[in-house]
Amino acid sequence: MQVEIRGAEKLSFRERQVVTLKEMGYSTEKIAAKLKLSPSSVATLYNRARSKGYQVVIVIPGQNLGLFDPEDEEEVGE
């Protein structure tokens, strides 16, 4: 699985860290402890990032979902 943040260039380094962890499901408290910030700073960074607009895209290869065999992928291009 690959996670891509579209619009990440609009975000500061700290905002990217917070967004990544938040989108992975971490709580504000866990993010604060991990980044050595206060929970209110994490909330501020996350809200600021959201106001700048970004989009999270998760790319999951078909074989990871059990939908395709390697030979099936060759047929898609035909």
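Residues numbered from 1 in each chain as written. Predicted model: local features only at pLDDT ≥ 70, side-chain atom pairs only at ≥ 80, totals over all residues. Heavy atoms only, no water.

**A look at the overall build of the chain**
Where we set the bar: We count a stretch as a helix when DSSP gives it H or I for four or more residues in a row; a strand needs E for two or more, and each element gets its number in order from the N terminus. The buried label applies to any residue whose accessible area, calculated with a 1.4 Å probe on protein chains only, is under 20% of its type's maximum; exposed applies above 50%, and partly exposed to all values in between. Residues count as neighbours in contact if any of their non-hydrogen atoms are within 4.5 Å of one another. Only the protein chains shown count as covering a residue, and every accessible area follows the Shrake-Rupley method with a 1.4 Å probe.
Helix and strand counts for the chain come out as four helices and two strands. Element order for the chain, N to C, with α for helix and β for strand: β-α-α-α-β-α. Relative to its full complement of 78 residues, the chain shows a buried share of 23%. Of all intrachain contacts in the chain linking residues separated by at least 6 positions in sequence, the fraction that spans at least 24 positions is 59%. Here the chain has roughly 5600 Å² of accessible surface; of this, 51% comes from carbon and sulfur atoms.

**Concerning the environment of K34**
In this fold, K34 is placed in helix α2 (residues 28-35). By relative accessible area, K34 is classed as exposed at 54%. Counting along the chain gives 13 residues from K34 to L21, while the straight-line C-alpha distance between them is 9.6 Å.

**Focus on the packing of aromatic side chains**
Rule in force here: Pairing of aromatic side chains here covers Phe, Tyr and the six-membered ring of Trp, requires ring centres within 6.5 Å, and sorts the geometry by plane angle: under 30 degrees stacked, over 60 edge-to-face, intermediate tilted. Sitting over a ring, as applied to charges here, requires NZ of Lys or CZ of Arg to be within 6 Å of the ring centre and within 35 degrees of the ring normal.
All chains considered together, the criterion is met by zero aromatic pairs. In this arrangement the basic side chain of K22 is found over the ring face of Y46, its NZ or CZ atom lying 5.5 Å from the centre.

**Looking at the side chain of T28**
How we decide: Under the rule applied, a polar contact is a pair of N or O atoms within 3.5 Å (in protein, one hydrogen donor and one hydrogen acceptor; residues adjacent in sequence only if both atoms are side-chain atoms).
Topologically, T28 is positioned in helix α2. Separated by 2.8 Å, the side chains of T28 and K22 make a polar contact. Those residues within four positions of T28 in sequence are excluded, and the remaining contacts are K22, P39, V42 and A43.

**What to know about the packing of helix α1 (residues 13-23) against α2**
The relative placement of two packed helices is expressed as an angle between their axes plus a distance between the axes. This is how it is decided: Axis angles are defined between N-to-C directions and span 0 to 180 degrees, where every axis is a line fitted to C-alpha atoms and, for a helix, only to the segment in contact. Any angle that is under 35 degrees is reported as roughly parallel, and any over 145 degrees as roughly antiparallel; angles of 65 to 115 degrees are reported as roughly perpendicular and all others as oblique. Crossings are classed by handedness, with left-handed meaning an anticlockwise turn of the near helix from the far one by less than a right angle and right-handed meaning a clockwise turn. Any residue outside Ala, Val, Leu, Ile, Met, Phe, Trp, Tyr, Cys, Pro, Asp, Glu, Lys and Arg is labelled polar, Gly included; the first ten of those are nonpolar and the last four are charged.
Where α1 meets α2, the axes come as close as 10 Å, and the angle between the chain directions of the two elements is 135°. The angle between α1 and α2 places the two elements in the oblique class. When you trace α1 past α2, the crossing you get is right-handed. Across from R14, Q17, V18, L21 and K22 in α1, the residues of α2 making contact are T28, I31, K34 and L35. For the contact of α1 with α2, the per-class residue count stands at four nonpolar, two polar and three charged.

**Quick look at the environment of L45**
Here L45 shows up in helix α3 (residues 39-52). Its relative accessible area of 12% is what places L45 among the buried residues. Separated by 27 residues in the primary sequence, L45 and V18 place their C-alpha atoms 6.9 Å from one another. In this view, L45 contacts R14, E15, V18 and L37; residues no more than four positions away in its chain are not counted.

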